[in-house]
Amino acid sequence: QVQLVESGGGSVQAGDSLRLSCAASGRTFSNYAMGWFRQAPGKERTFVAAISRNGGSAASEDSVKGRFTISRDNAKNTVYLQMNSLKPEDTAVYYCAAMITFSLTRITSIHHEYDYWGQGTQVTVSS
């Protein structure tokens, strides 16, 4: 079992930046691939970015490529989402997720393939 806690959300203007953090409990953080998802009011939860256990593989959704960067620091049990050039359409609750996998390189954009979820952090971008 791993517990995930997101932080770093807030209200910003279009063009600004935020850095989200997801802190994980326990000593087995490196056993999980990690992902970020987001959910706007009245919308389904959608994929944002993912990173493999060792950080060697990563992927992001097309609308955030070039603006958002996912990274992880296994020594700190933390995964990050650096969000630059924020747009109003980025407004959502952002969730951190962990996926149990033997593979050092596996990543996925499918939300039901993740096993553990954080409580979410609100990001609001005004024009």
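The structure we're discussing is the one just above.
Note that this is a predicted model, so its numbers are computed, not measured.

Draft legend 1. Focus on the pattern of salt bridges. A full pass over the atoms with the stated rule returns four salt bridges. The closest approach of N and O atoms between Asp-90 and Arg-67, which form a salt bridge, is 2.8 Å. In this pair, Asp-90 is assigned in the loop between β8 (78-83) and β9 (92-100) and Arg-67 in the loop between β6 (58-60) and β7 (68-73), connecting sequence segments 23 residues apart. Arg-106 is the partner of Glu-113 in a salt bridge, and the nearest nitrogen-oxygen pair spans 3.0 Å. Residues joined in a network through salt bridges with shared partners are Arg-38, Arg-67 and Asp-90.

Draft legend 2. Focus on the nonpolar core. Judged by nonpolar contacts, the single largest core of 28 residues is most densely connected at Leu-4, Met-34, Trp-36, Val-79, Leu-81 and Tyr-94. Counting residues per element, the ones that place at least two in this core are β3 (18-24), β4 (32-39), β5 (46-51), β7, β8, β9 and β11 (121-126). Among residues more than four places away in sequence, those in contact with Leu-81 are Leu-18, Arg-19, Leu-20, Trp-36, Val-48, Ala-49, Phe-68, Thr-69, Ile-70 and Tyr-94. Phe-47, Ala-50, Ala-97 and Met-99 belong to the second largest nonpolar core, which has seven residues in total.

Draft legend 3. Main features of the sheet that holds β3. Strands sit in the order β1-β3-β8-β7 across an open sheet of four strands; the sheet is antiparallel. Each edge of the open sheet carries a strand with a single partner, namely β1 (4-7) and β7. When strand polarity is set aside, the average angle formed by the axes of neighbouring strands in this sheet is 15 degrees. In terms of strand pairing, β1 meets β3 through four bridges, oriented antiparallel. When the sheet's bridge partners are listed, Val-5 is paired in β3 with Ala-23.

Conventions adopted
Residues numbered from 1 in each chain as written. Predicted model: local features only at pLDDT ≥ 70, side-chain atom pairs only at ≥ 80, totals over all residues. Heavy atoms only, no water. Salt bridge = Lys/Arg side-chain N within 4 Å of Asp/Glu carboxyl O. Helix = DSSP H or I, 4+ residues; strand = E, 2+ residues; numbered from the N terminus. Core = buried A, V, L, I, M, F, W, Y, C linked by side-chain atoms within 4.5 Å. Buried < 20%, exposed > 50% of the residue type's maximum accessible area, 1.4 Å probe, protein only. Contact = heavy atoms within 4.5 Å. Pairing = 2+ DSSP bridges. Axes fitted to C-alpha atoms, helices over the stretch in contact; angles between N-to-C directions.

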